[in-house]
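# Structural characterization, general
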Amino acid sequence: MRQKVNLNAYFERIGFAGSIAPTLATLEALHALHPAAIAFENLNPLLGLPVKLDLASLQNKLLTERRGGYCYEHNLLLMAMLGELDFTVRGLAARVLWNNPEAIDTPGPAHHMLLAVDINKSTYIADVGFGGLTLTAPLKLKPDVEQNTPHETFRLTGGEPVWLLEARTGETWRPLYAFETTEQSLDAYEAANTYLSSDPASPFCRQLRVALSPPGKRLALRDNQLTSYVEGSEPVTRELTSVAEMREVLSTSFGLQLPPADLLDPRLAAILAAAGIVPPAPDATPEDAEV
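Right, let's walk through the structure included here. All figures in this text were calculated on a predicted structure; none of them were measured in a lab.

## A short note on the packing of helix H7 (residues 243–253) against helix H8 (residues 261–274)
Where H7 contacts H8, the axes come no closer than 9 Å and their chain directions differ by 115 degrees. One finds that H7 runs roughly perpendicular with respect to H8. Read as a crossing pair, H7 and H8 show a hand that is right-handed. Across the interface between the two elements, Val-243, Met-246, Arg-247 and Leu-250 from H7 touch Ala-261, Leu-264, Asp-265, Leu-268, Ala-269, Ile-271 and Leu-272 from H8. Of the residues belonging to the contact of H7 with H8, the class tally is nine nonpolar, no polar and two charged.

Have a look at this one:
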């Protein structure tokens, strides 16, 4: 039985109010609003909680509970919403190359999800789930053309059959991921999701990663390091030094409704301890804490 798509809840969550015609303008509006409102985050894998990819679970977590998620959650949710709006959309898979550019020519697992959307005989890629460099606009599937977004400039190269997505950072083009346009099944995503969400080797089970892309800036949290990237300025990084401060950033800066404290707080404390930050003893005075 087809699962019910809650468009109204999605529109409320991202702040969308406009034409719902299946046009490029509608796709661009949704694509800008989604990563500005719904954070990329991996709290479930970090806490040993399951990541469920069925539509009911995605809507409950990202819309009702006002949480975020990673690529499969974000892009499967967007895919369902676009399908409900009569867009022609299919899911693709990509090999992540960010911070590992030498892997371009090395076969490896495709652990990232993105979308292909067909509009007026042209194909666009959409991706609202790539963390700190998430696209904030769809890109036309056309090689060797610089394409501006509300944030960075991107380009696609190749296409026979492997496409490469690159972002311009400063004066340098850096690869994000490589992909083909072969449609993927939910079963394929489930298999990759099982690894990413539960295997001890997965970075999502070992590091806290949170990102949000509001207009004019990007916010990124890696463990206890919070970095703000404001357009036209140098990045600013702040070290978070307490569980209370980390909770405040997660709930306020990233807009997350947090998991229960008895699950979250010990994990945040472990992250701080790994960074060499030891909380003061419970009976310590303020003067003791400052020494």
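## Some details on the layout of surface pockets
The volume enclosed by the largest pocket comes to roughly 1,600 Å³. Around the largest pocket sit 49 residues that line it, and Trp-98, Phe-130, Gly-131, Gly-132 and Leu-133 are the ones nearest its centre. Elements with a minimum of two residues in the lining of the largest pocket: strand S2 (88–96), strand S8 (163–169), helix H6 (186–198), strand S10 (209–212), strand S11 (217–222) and strand S12 (225–230). Broken down by element, the residue count for the lining of the largest pocket peaks at five residues, all from S11. Its residues placed into classes, the lining of the largest pocket shows 21 nonpolar, 18 polar and 10 charged. In this model, the second largest pocket occupies a volume close to 280 Å³. Forming the walls of the second largest pocket are 17 residues, and the residues nearest its centre are Leu-53, Leu-76, Met-79, Ala-80 and Leu-186. At the level of secondary structure, the elements contributing two or more residues to the lining of the second largest pocket comprise helix H4 (55–64), helix H5 (71–84) and H6. It is H5 that contributes the most residues to the lining of the second largest pocket, five residues altogether. Across the lining of the second largest pocket, the residue classes break down as 10 nonpolar, four polar and three charged.

## Quick word on the pairing of S12
Where S11 lies against S12, six bridges are found, and the strand directions are antiparallel. By the bridge assignment for S12, Lys-217 is matched with Val-230. Linking S11 to S12, which pair antiparallel, is a turn of two residues; within it Asp-223 sits at a positive phi near 55 degrees. Where S12 and strand S13 (residues 236–239) come together, four bridges link them in antiparallel fashion. Looking at S13, one finds that Leu-226 is bridged to Arg-238.

Basis of the calculations
- Residues numbered from 1 in each chain as written.
- Predicted model: local features only at pLDDT ≥ 70, side-chain atom pairs only at ≥ 80, totals over all residues.
- Heavy atoms only, no water.
- Axes fitted to C-alpha atoms, helices over the stretch in contact; angles between N-to-C directions.
- Helix = DSSP H or I, 4+ residues; strand = E, 2+ residues; numbered from the N terminus.
- Parallel < 35°, antiparallel > 145°, perpendicular 65-115°, else oblique.
- Left-handed = near helix turned anticlockwise from the far one by under 90°.
- Contact = heavy atoms within 4.5 Å.
- Nonpolar A, V, L, I, M, F, W, Y, C, P; charged D, E, K, R; others polar.
- 1 Å grid on protein atoms, 1.4 Å probe; cavity = no way out; pocket = protein on both sides within 12 Å on 5 of 7 lines; lining within 4 Å.
- Points joined across faces, edges and corners; volume = space filled by probe spheres on them.
- Pairing = 2+ DSSP bridges.

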